[in-house]
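So you can see what is in the structure, the chains are spelled out below.
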Amino acid sequence: MREITYADAIREAMSEEMRRDENIIFMGEDIGLYGGAFGVSRGMFEEFGEERVLDTPITEMAITGAAAGAAMTGLRPIAELMFSDFMTLAMDQLVNQAAKTRFQFGGQASVPMVLRAPGGSGTGAAEQHSQSLEAWVCHAPGLKVVIPSTPYDAKGLLKTAIRDNNPVVFIEQKLLYRTKGEVPEIEDDYTIPLGVADIKREGKDLTIITYGRMVQRSLEVADKYAEKGIEIEVIDIRSLVPLDKDCLIQSAKKTGKVVIVHEACQTGGFGGELSSVIVDSDAFFYLDAPVKRVGGLDVPIPYNPNLEALVVPTIDSISAAIDEIL
Amino acid sequence: MKNTKGITSHAKSVKITKEKYLDMYLKMVQTRKFEEKAARLFVEGKVHGTAHFCIGEEATGIGVCSALENEDYILQTHRGHNQGIGKNMDINKMMAEFLGKETGYCKGKGGCMHIADFSVGSLGANGIVGGGIPLAVGAGLSQKYLKKDNITVGFFGDGASNEGTFHEALNLASVWKLPVLFVCTNNYYGMSTHVSKSMNIDDISVRASSYGIKGLALDGNDVVNIYKETLKAKEYVKENGPMLMVLNTYRWFGHSKSDPQAYRSKEEVKEWKEKCPIKRYSEFLIKEGLASKDDLEALDKQAEQDIINAVEFAENSPEPKIENIFDDVYAD
Ligand SMILES: Cc1ncc(C[n+]2csc(CCOP(=O)(O)OP(=O)(O)O)c2C)c(N)n1
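As a starting point, this report considers the structure included with it. (Residues numbered from 1 in each chain as written. Chains lettered and ligands numbered in written order. Predicted model: local features only at pLDDT ≥ 70, side-chain atom pairs only at ≥ 80, totals over all residues. Heavy atoms only, no water.)

1. Considerations on the pairing of strand β7 (residues 243-248) of chain B
Residue and element names in this part refer to chain B. Note the cut-off: Per-residue accessibility, obtained with a 1.4 Å probe over protein chains only, is compared with the maximum for each type, and a residue is labelled buried under 20%, exposed over 50%, and partly exposed between these values. The helix count covers DSSP runs of H or I at least four residues long, the strand count covers runs of E at least two residues long, and both are numbered beginning at the N terminus. Note on pairing: DSSP must find at least two bridges between two strands before they are called paired.
Burial within β7 is extensive, with six of its six residues counted as buried. Here β7 shows no split at all, with M243, M245 and L247 on one side and L244, V246 and N248 on the other all buried. Bridge analysis of strand β3 (residues 180-186) against β7 gives six bridges, and the strand direction is parallel. Each bridged residue has a counterpart across the sheet, and for V183 the counterpart in β7 is M245. By the bridge criterion, six bridges tie strand β6 (residues 214-219) to β7 in an arrangement that is parallel. Within β7, the position partnered with L218 by the bridge is L247.

What follows is the structure in structure tokens.
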């Protein structure tokens with residue numbers, strides 16, 4: 001299979017969907033000729049023109065609200081925030097408007113929009129450009145939340161998100177944009193359903209449940225343990241809402257040991273939810289040890305590269321949690 | 001009380017049918033009676049929550065919406081019964097929603113602060129001050145993109161015009177030249193705060209100039225002029241992109257049902273009550289020979305009966321069931 005980058009995969013998903021459906025438009029800051037801050041949309045302006053690839057002013061609230069309003073009235077907008085941190089500026093339009101529209105109007109409308117936003121640390125961009133705020137949006141019923149970890153998943157999940165009739169927050173991992181992975185040829189239209197986790201590595205001794213950038217790191221950890229004869233199963237949940245609870249529960253039952261890994265600060269993070277899913281289920285009776293969470297430290301992401309690398313889960317901190325319960 | 005200067009103009013050339021004149025009158029009276037009844041239902045303990053009444057402001061929503069087609073969209077405010085009735089919403093379903101019933105517009109899940117009727121182009125009222133203004137931009141974007149010959153009206157208050165949403169939305173709509181008419185109902189207060197304490201301008205319509213769009217300030221109690229100006233504005237925004245129309249009026253009641261109104265004098269309220277938009281309109285209709293006193297009394301009676309029917313419909317409607325609570329959180 002050919003290999004393309006995570007950024008290319010996202011561009012392909014958007015472009016293919018826009019070719020398929022004329023009512024899909026794409027809006028955001030500097031996404032046009034400039035091609036987006038991370039180059040994700042390079043070439044799209046040339047192909048689809050300014051009617052469908054709309055450069056906006058720096059106006060996160062209006063981008064998000066306009067996408068919601070357009071989605072309510074017949075279009076299927078994809079909106080891009082330059083950094084997921086700027087969801088804070090768009091929060092009313094996202095949480096109070098887009099997420100609630102269908103329910104509060106008794107099912108009269110749907111809001112088929114995707115809000116794409118690069119998240120996560122690792123680029124030295126410091127406190128205001130490095131956050132992992134996914135837990136905030138998972139807490140708003142009405143929104144779906146997706147975080148892909150590979151080019152293959154990014155393309156398949158984004159296509160599904162675009163075809164979904166709900167507002168989907170699609171958080172991309174800025175550190176993964178340049179990573180490559182296998183993706184089917186352009187002609188092979190494929191999608192990945194939301195709410196289906198992917199077992200990225202099978203194992204029988206312990207389960208790591210993770211998502212986003214921490215999938216690769218968890219796989220590295222699993223490789224390390226494999227050398228010692230310990231088989232770790234790595235589950236990439238891929239979509240946080242809806243969540244594939246069954247997959248997590250089954251794996252916990254199989255291995256009896258669970259470590260949850262995510263980059264976002266641990267307190268109030270999505271890891272608490274993942275942990276609850278397991279201990280709330282009959283998997284609880286199969287557990288041989290407490291469920292361990294390895295989240296980011298409860299600090300803003302610092303600028304200094306050494307510090308930045310140490311405030312999120314590392315090979316060592318994940319390994320330490322594993323060793324505690326093995 | 002400051003007087004707004006602003007640009008005013010009279011759209012004398014527009015012809016209005018007698019039917020239209022009387023329809024606007026009926027809707028203004030329906031709005032008033034709807035709210036008077038709603039206020040009584042609170043006193044009788046039949047509803048909980050809150051409601052924001054637009055008594056005294058009827059000319060704004062009725063005047064603007066009477067100039068719209070079904071396919072034109074509106075985004076309403078928390079004080080939007082006049083906007084909804086003006087856009088031909090079903091009064092029975094409005095009342096049922098107000099009482100939180102299954103037969104209400106939102107199946108009892110939204111209440112009157114979140115009422116909507118997509119079938120008549122109402123994209124919903126909003127509990128967030130200024131929350132609907134960016135949505136109006138999106139609706140206008142759809143209309144432009146889909147090449148529809150229609151416009152979107154985004155309603156909001158004077159207080160909302162201090163929110164970021166207002167500024168971001170006007171700017172974006174202007175840059176994209178969208179067919180959006182932004183309508184500010186200036187009733188001079190955001191809860192207790194007089195406009196003179198929330199902005200350093202007398203005339204809110206001057207805010208339009210920051211976005212390179214046309215601003216217009218009108219007497220918000222003159223339904224005929226509002227109607228005519230909206231007809232003109234519709235053509236204007238289709239051609240040129242957005243416009244800001246400010247309607248200066250007054251709310252007679254408190255901000256919501258629990259407001260002692262310590263922030264304004266009885267004299268001020270009295271002064272504005274004398275400028276009642278319905279009284280003024282009925283005098284106009286009689287003076288112009290468009291209706292007799294009897295005609296108007298008949299319409300008053302009809303409005304009264306409409307509201308009695310609506311309450312009966314609502315009270316006899318079933319309560320929503322908790323079994324259906326997850327319906328519509330997500331679309332299929
Ligand atoms: C974002 C937000 N802030 C505050 C409130 C509380 N609130 C509801 S209505 C209102 C006053 C709004 O004033 P204005 O926009 O002038 O409209 P009016 O009530 O006068 O019709 C306030 C402060 C709210 N609902 N939303």
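Okay, back to it.
2. Side note on the nonpolar core
If you look at soluble globular proteins, the nonpolar side chains tend to sit buried side by side. The line we're drawing: We call a set of buried Ala, Val, Leu, Ile, Met, Phe, Trp, Tyr and Cys residues a nonpolar core when their side-chain atoms join them within 4.5 Å.
Counting 161 residues, the largest nonpolar core has A:M27, A:I237, B:F98, B:F182 and B:L244 as its most contacted members. If you look at the next biggest cluster of nonpolar residues, it comprises 35 residues, including A:I4, A:A7, A:I31 and A:Y177.

3. Considerations on the pattern of salt bridges
All names here are of chain A. Where we set the bar: A carboxyl oxygen of Asp or Glu within 4 Å of a side-chain nitrogen of Lys or Arg is what we treat as a salt bridge.
Counting across every chain of the model gives 42 salt bridges over all chains. Two residues, R2 and E12, come together in a salt bridge whose shortest N-O distance is 2.8 Å. One end of the pair, R2, is in the segment before β1 (3-5); the other, E12, is in helix α1 (residues 6-20), with ten residues separating them in the sequence. Side by side, R2 and E12 carry an identical accessibility label, which is buried. Across the pair E17 and K159 runs a salt bridge whose closest N-O atoms are separated by 3.5 Å. Taken together, the residues E17 in helix α1 and K159 in helix α7 (residues 151-163) connect sequence positions 142 residues apart.

4. Quick notes on the interface of chain A and chain B
Defined as follows: Contact definition: two residues touch when any of their heavy atoms are within 4.5 Å. Simply put, the buried area is the total loss of 1.4 Å probe accessible area from both parts when two parts are fitted together. Side-chain atoms alone can form a polar contact between residues adjacent in sequence; in general such a contact is a pair of N or O atoms within 3.5 Å, and within protein one must be able to donate a hydrogen while the other accepts it.
In this complex, chain A contributes 45 residues to the contact, which on the side of chain B involves 42 residues. Counting the surface lost from both chain A and chain B, the interface buries some 3,400 Å², and carbon and sulfur atoms represent 63% of this. Per-residue buried area on chain A facing chain B is highest for A:T73, A:F103 and A:Q108; these three make up 20% of the total on that side. A salt bridge links B:D328 to A:R102; the nearest nitrogen and oxygen atoms lie 3.6 Å apart. Along the contact surface separating chain A from chain B lie 21 residue pairs in polar contact (both at pLDDT 80 or more).

5. Some details on the sheet that holds strand β9 (residues 198-201) of chain A
All names here are of chain A. Keep this limit in mind: Simply put, an axis is a line fit to the C-alpha atoms, just over the touching stretch for a helix, and the angle between two N-to-C directions goes from 0 to 180 degrees.
The five strands are arranged β9-β11-β10-β13-β14 in an open sheet whose pairing can be described as mixed. Each having just a single partner strand, β9 and β14 (292-296) make up the two edges of the open sheet. Each adjacent strand pair in this sheet contributes to an overall mean axis angle of 25 degrees, direction not counted. Both β9 and strand β11 (residues 232-236) contribute to a ladder of three bridges, which runs antiparallel. Note that in β11 the partner of D198 across the bridge is D236.

6. Description of the sheet that holds β7(B)
All names here are of chain B. Taken in spatial order, the five strands of this open sheet run β1-β2-β3-β7-β6, and their pairing is parallel. Only two strands of the sheet have a single neighbouring strand rather than two, namely β1 (73-75) and β6. Adjacent strand axes in the sheet meet at a mean angle of 20 degrees when their direction is disregarded. With three bridges connecting them, β1 and strand β2 (residues 152-157) associate as parallel partners. For L75, the partnering residue across the bridge sits in β2 and is G154. Contacts from helix α5 (residues 133-145) reach β1, β2 and β3, with the element oriented near 175 degrees to β2. Across the sheet, helix α6 (residues 164-175) touches β2, β3 and β7, and the angle it forms with β3 is around 150 degrees.

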